[in-house]
Amino acid sequence: MKVVAFGASTSRASINRQLAKHAASALGQHVHARLEIDLLDLNDFEMPIFSVDRENEFGVPAQAHAFFRRLGNADRIIASFAEHNGSYTAAFKNILDWASRIDVDVYQNKPALFLSASAGDQGAASVLATAVDSAPYMGADLRGTLSVGPWDVHFDTGKATFTEPSMNKRLHDALARLVAPAQAGD
């Protein structure tokens, strides 16, 4: 099984990148032993700000095609959303806008787990809600969600693990749903 995981942030110290990496690692250790992890860095997909004029003049950038292809090569997707002013980061929104010009089903009907983390108590719940609401329109077979906040209370960065067994269980349960076979009628 191949899993693409990414934190929807360009910050080098992104807690959402840490969360996506932790979830992918936990998937390999506890849920599915034979696993290939493709950890994306959004900095590799930097592009001009999307506009129809740019698209008409230059076409869709190679970075958007590369992002779309990497998602397409995955069996499962783990995305952890950073929240900027209650919404997606500008970098992720731009990648999403460009990739949707290739196909609006950016997630290509892959089973997905959406996560979010923040330093605040709400754990970036606003952006996670936005991602969940848009999932059906963006071609995500959303299997679960998890919001973590405040990050420093719930996650030990030095040990790269949750500090509370209940958070580990919630992540494990979400990962189990991620790899479960699709149900009839889904």
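Everything below is about the structure printed above this text.
Now for a look at the structure at hand. (Residues numbered from 1 in each chain as written. Predicted model: local features only at pLDDT ≥ 70, side-chain atom pairs only at ≥ 80, totals over all residues. Heavy atoms only, no water.)

Thoughts on the packing of aromatic side chains
So, point 1. Summed over the entire model, instances satisfying the criterion amount to eleven aromatic pairs.
So, point 2. Considering the side-chain rings of F6 and F67, the 5.7 Å spacing of their centres and the 70° angle between planes classify their relative orientation as edge-to-face. With F6 in strand β1 (residues 2-8) and F67 in helix α3 (residues 62-72), this residue pair connects regions lying 61 residues apart in the sequence. Just as F6 is buried, F67 falls in that class too. (Phe/Tyr/Trp six-rings, centres within 6.5 Å; stacked < 30°, edge-to-face > 60°. Helix = DSSP H or I, 4+ residues; strand = E, 2+ residues; numbered from the N terminus. Buried < 20%, exposed > 50% of the residue type's maximum accessible area, 1.4 Å probe, protein only.)

A word on the side chain of S116
So, point 1. Note on placement: S116 falls in strand β4 (residues 110-117).
So, point 2. Under the relative-accessibility criterion, S116 is labelled buried at 0%.
So, point 3. Among the polar contacts made by the side chain of S116, one reaches the main-chain carbonyl oxygen of A124 at a distance of 3.4 Å.
So, point 4. A distance of 3.5 Å separates the side chain of S116 from the side chain of S147, its partner in a polar contact. (Polar contact = N/O pair within 3.5 Å; in protein donor to acceptor, adjacent residues only side chain to side chain.)

A short note on the pairing of strand β5 (residues 140-148)
So, point 1. Bridging between β4 and β5 involves eight bridges; their strand directions are parallel. Directly across from A112, in β5, lies its bridge partner L142.
So, point 2. Handedness of the β4-helix α5 (residues 125-134)-β5 crossover: right-handed. (Pairing = 2+ DSSP bridges. Right-handed = clockwise from strand over helix to strand, strands pointing away.)

Quick notes on the packing of α3 against helix α4 (residues 90-102)
So, point 1. Taken N-terminus to C-terminus, the directions of α3 and α4 make an angle of 85°; their axes are 9 Å apart at the nearest point. The pairing of α3 with α4 is recorded here as roughly perpendicular in orientation. Across the interface between the two elements, A64, H65, F67 and F68 from α3 touch F92, I95, W98, A99 and I102 from α4. (Axes fitted to C-alpha atoms, helices over the stretch in contact; angles between N-to-C directions. Parallel < 35°, antiparallel > 145°, perpendicular 65-115°, else oblique. Contact = heavy atoms within 4.5 Å.)

Notes on the nonpolar core
So, point 1. If you look at the biggest cluster of nonpolar residues, it comprises 31 residues, and the most contacted ones within it are F6, F67, F81, F92, Y107 and F114.
So, point 2. At the level of secondary structure, the elements contributing two or more residues to this core comprise β1, α3, β3 (76-81), α4, β4 and α5.
So, point 3. Element by element, the count of residues in this core is highest for α4, at five residues.
So, point 4. Each residue touching F6, except ones within four places of it in the same chain, is listed here: A20, L40, L42, F67, L71, I77, I78, A79, S80 and F92.
So, point 5. Grouped together as the second largest cluster of nonpolar side chains are 23 residues, A5, L19, A20 and A24 included. (Core = buried A, V, L, I, M, F, W, Y, C linked by side-chain atoms within 4.5 Å.)

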